[in-house]
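# Overview (structure and organization)
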Amino acid sequence: MNLHKTYNIRTAGAANIPVLGLGTWQSTGQDCVDIVSKALQMGYEHIDTAQAYSNEKEVGKGIQQSGVNREKFFLTTKIFPDDMKFTPENLQAAAERSLENLGVDYVDLLLLHWPDERVPLAETMPALCALQKQGLTRHIGVSNFNIDYLLEAKAHADVPIVVNQVEFHPFIKQSTLQTFMNNHHILLEAYSPLARGEVFDNDIIKAIADKHNITPAQVSLAWILSDNKRIAIPKTANPEHLQGNLDAAQVRLDSDDIAQINTLASSGGRMIEHPDYTPNWDD
Ligand code: NAP
């Protein structure tokens, strides 16, 4: 019997990533502990956190509270750039601190959270690769990288960069980046996959949801997953939203639905920028 609630994508470097994970940005305190615990017990097999979310300890407590064995789920964290952090020594110390906060021996995926032009990838990438070889992380990746940064990162990595975690939902263009990543076997990990709530008020998405008797959240997630080079990490801190979001991995939209949603992207659709680190986006 298949007990899995989602399915996995196998990447370059043989990462086996469950396509739907739980985002935890802005999940805090006991709510974070409880939602991570409930998600794992419900069948989520993928949790996304970051040092910058200041909730790694709560995510770790949620893991412990769930009683789910470590090898049963895929865990991602991210290291945030500041002036010195990406030196080999500081990168290692940061990764060790994350493992301690999370209460685990390894993460499955360790990401550089944003590119930082002040910190040379020629130093950072070999140090990140070394963390994989030491076993602190099973795989490495990046987040918020444009094509130029990806090219530079690849040039200095001797293990595969398995994902680039970027903003992706129906209102944003990422086609240039996605094409490049497909050609280079890097998965697009969609953050803010519900456009931080904007998908709930869109008439096209609402009509497709009504047609299939599903929720707008499920429409957005199913649309993202309709391309098998993408994964999605919707955040919820509301237990009532957990199951429906997970079930989106089983929803199949038809080609007409997908074509309609494809019309929604615009150059103004981006919602997340970081004043110090945002690169020149490709779309
Ligand atoms: P999101 O997942 O697009 O949207 C989250 C919002 O949608 C929350 O307000 C949530 O409220 C609501 N929501 C979730 N499921 C719902 C449902 N079924 N029905 C109604 N409302 C629902 O936004 P996000 O948090 O920005 O992105 C997701 C994750 O991506 C983050 O948590 C984080 O892990 C990651 N991320 C990474 C970066 C990066 O720089 N790498 C940047 C942003 C985000 P409730 O909690 O009340 O359900």
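The rules behind these values
- Numbering of residues begins from 1 in every chain and follows the order in which that chain's sequence is written.
- Under the rules for a predicted model, residues below a pLDDT of 70 receive no local features and side-chain atom pairs below 80 are neither given nor counted, while totals for whole chains, interfaces and linings still include all residues.
- Computation of side-chain values covers all heavy atoms of the structure but excludes hydrogens and water.
- Secondary structure elements follow DSSP: runs of H or I no shorter than four residues count as helices, runs of E no shorter than two count as strands, and numbering proceeds from the N terminus.
- Based on C-alpha atoms, the radius of gyration is set beside the globule rule, defined as 2.2 Å times the residue count to the power 0.38.
- Only protein chains enter the accessibility calculation, which uses a 1.4 Å probe. A residue is then buried if its area is under 20% of the maximum for its type, exposed if over 50%, and partly exposed in between.
- Should DSSP find at least two bridges between two strands, the strands are regarded as paired.
- Here, two residues are considered to be in contact whenever any of their heavy atoms come within 4.5 Å of each other.
- Polar contact criterion, stated in full: a pair of N or O atoms within 3.5 Å, where within protein one must be able to donate a hydrogen and the other to accept it, and residues adjacent in sequence count only if both atoms are side-chain atoms.
- Crossovers are described as right-handed under a simple rule: with the strands pointing away from the observer, the path leading from the first strand over the helix to the second runs clockwise.
- Here a residue is near a molecule or strand as soon as one of its heavy atoms is found within 4 Å of it.
- Using the Shrake-Rupley algorithm and a 1.4 Å probe, accessible areas are obtained, with residue cover drawn only from the displayed protein chains.

### Side note on the overall build of the protein chain
When its secondary structure is counted, the protein chain shows 10 helices and 10 strands. Taken over C-alpha atoms, the radius of gyration comes to 18 Å for the protein chain, in line with the 19 Å a tight globule of 283 residues would show. Projected onto the principal axes, the alpha-carbon positions of the protein chain cover approximately 55 × 40 × 35 Å. Among the 283 residues that make up the protein chain, the fraction classed as buried is 56%.

### Section: the sheet that holds strand β7 (residues 137-143)
Strand order in the open sheet made by the 8 strands is β3-β4-β5-β6-β7-β8-β9-β10, with parallel pairing throughout. This sheet does not close on itself; its edge strands, each paired only once, are β3 (22-23) and β10 (230-232). Direction of pairing for β3 relative to strand β4 (residues 46-48): parallel, over a ladder of 2 bridges. Residue pairing for β4: L22 is matched across the bridge by I47.

### Re the environment of E167
Checked against the element boundaries, E167 lands in strand β8 (residues 161-167). A sequence separation of 55 residues divides E167 from L112, and the C-alpha atoms of the two residues are 15 Å apart. Filtering out sequence-adjacent residues up to four positions away, E167 remains in contact with I172, Q174, Y191, S192, G269, R270, M271 and I272. Only 2.6 Å separates the side chain of E167 from the backbone nitrogen of M271, close enough to count as a polar contact.

### Regarding the pairing of β7
The element β7 is largely enclosed, with a buried count of 6 among its 7 residues. By the bridge criterion, 5 bridges tie strand β6 (residues 107-112) to β7 in an arrangement that is parallel. Of the residues in β7, the one forming a bridge with V107 is T137. Remark: the β6/helix α4 (residues 121-134)/β7 crossover connection has right-handed handedness.

### A few points about the site of the ligand
Contacts to the ligand come from 27 residues, most closely from D48, R196, T236, A237 and H241. With respect to the ligand, the side chain of N144 contributes an N or O atom lying 2.9 Å from an oxygen atom. N245 places a polar side-chain atom, nitrogen or oxygen, 2.9 Å from a nitrogen atom of the ligand. In the complex, 85% of the free accessible area of the ligand, which totals 900 Å², lies under the protein chains.

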